[in-house]
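The primary structure of each chain is shown beneath.
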Amino acid sequence: MPQITLTPAQRKVHRAEAHHLDPVVHIGGDGLTPAVKKEIDGALKAHGLIKIRVFNDDRAARESMLQALAGELDAAPIQHIGKLLVLWRPMPEKEKSVDEDRMPGPRDVKVLKFSSRGGQRPEVKVVRVLGNQRLTTGGQVKRAKPMQKSVKKSAQSQ
């Protein structure tokens, strides 16, 4: 997989977004193991923009790690500053299942009835409101009425 190439302006925007992030993956003395690569891939899928901390004093080794990760994981190297590496990859679109026949479900609503005397607690009543119903200000459940159709408009369309 080739690494993603970005313009300097895009890289600058991603650097600014990554400024407040904390490192999500730490690379220890063993270096880039398959488990570390899998963890970085999962973090890129979840977040898109991640920081990685490398516990290695060799700058050239850290630079090669950044390039290797960018190439293998199809990501863009954003920044290498000190022992921190920043990678970015566009997040995949999440598929939403669309159910055409889905209606609003019932919901439980708490209705408070206040006493006419001020010192008492309000009476709490839980009411189940269905999808085709509404709750009035007085706590009554009203069924939704079908929309009325005009006799004149229906006669004109025919």
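None of the values given here were measured: they were computed from a predicted structure.

Basis of the calculations
Residues numbered from 1 in each chain as written. Predicted model: local features only at pLDDT ≥ 70, side-chain atom pairs only at ≥ 80, totals over all residues. Heavy atoms only, no water. Helix = DSSP H or I, 4+ residues; strand = E, 2+ residues; numbered from the N terminus. Rg over C-alpha atoms; globule rule 2.2 N^0.38 Å. Pairing = 2+ DSSP bridges. Axes fitted to C-alpha atoms, helices over the stretch in contact; angles between N-to-C directions. Core = buried A, V, L, I, M, F, W, Y, C linked by side-chain atoms within 4.5 Å. Buried < 20%, exposed > 50% of the residue type's maximum accessible area, 1.4 Å probe, protein only. Contact = heavy atoms within 4.5 Å. Salt bridge = Lys/Arg side-chain N within 4 Å of Asp/Glu carboxyl O.

Engineer: Teacher, can you tell me more about the overall build of the chain here?
Structural biologist: Along the chain, the regular secondary structure elements total 4 helices and 8 strands. Its helices and strands taken in sequence order, the chain reads α-β-α-β-α-β-β-β-β-β-β-α from the N to the C terminus. Relative to a compact globule of 158 residues, whose C-alpha radius of gyration would be 15 Å, the chain shows 29 Å and is clearly more extended. Its C-alpha atoms give the chain principal-axis dimensions of about 75 × 65 × 30 Å.

Engineer: Sorry if this is basic, but what is going on with the sheet that holds strand E3 (residues 76-81) here?
Structural biologist: Taken together, 4 strands build an open sheet; the order of strands is E1-E2-E4-E3 and the sheet is mixed. One side of each edge strand has no neighbouring strand; the edge strands of this open sheet are strand E1 (23-27) and E3. Put simply, the sheet's adjacent strands are angled 25 degrees from each other on average, direction ignored. Inspection of the sheet shows E1 paired to strand E2 (residues 49-54) by 4 bridges, in the parallel sense.

Engineer: Any chance you could explain the nonpolar core here in plain terms?
Structural biologist: Buried together is how nonpolar side chains tend to be arranged in soluble globular proteins. Core analysis: the biggest nonpolar cluster contains 17 residues, and Ile-27, Ile-40, Leu-44, Ile-50, Ile-52, Leu-69 and Leu-87 have the highest contact counts within it. Every residue in contact with Leu-69, bar those within four places of it in the chain, is listed here: Ile-27, Leu-32, Lys-37, Ile-40, Ile-52, Asp-74 and Leu-87. Counting 7 residues, the second largest nonpolar core, distinct from the first, contains Ala-18, Leu-49, Ala-76 and Trp-88.

Engineer: I'm lost on the pattern of salt bridges in this one. Help?
Structural biologist: Two side chains with opposite charge may pair up if their charged atoms get near one another. Counting across every chain of the model gives 5 salt bridges. Residues Lys-37 and Glu-72 are paired through a salt bridge, measuring 2.9 Å at the closest nitrogen-oxygen approach. Placement of the pair is Lys-37 in helix H2 (residues 34-47) and Glu-72 in helix H3 (residues 59-72), with a sequence separation of 35 residues. Owing to a relative accessible area of 22%, Lys-37 belongs among the partly exposed residues under this scheme. Lys-83 is the partner of Asp-57 in a salt bridge, and the nearest nitrogen-oxygen pair spans 2.8 Å. Here the residue Asp-57 occupies a position in the loop between E2 and H3, and Lys-83 occupies one in the loop between E3 and strand E4 (84-88), the gap between them amounting to 26 residues. With a relative accessible area of 66%, Asp-57 lands in the exposed category. Salt bridges linked by common partners bring Asp-41, Lys-45 and Arg-89 together as one network.

Engineer: For this particular structure, what's the right way to read the environment of Val-124?
Structural biologist: With respect to the helices, strands and loops of the structure, Val-124 is situated in strand E6 (residues 123-129). When its relative accessible area of 52% is taken as the criterion, Val-124 is described as exposed. A sequence separation of 10 residues divides Val-124 from Phe-114, and the C-alpha atoms of the two residues are 8.9 Å apart. For Val-124, the contacting residues outside a window of four places in its chain are Lys-110, Val-111 and Leu-112.

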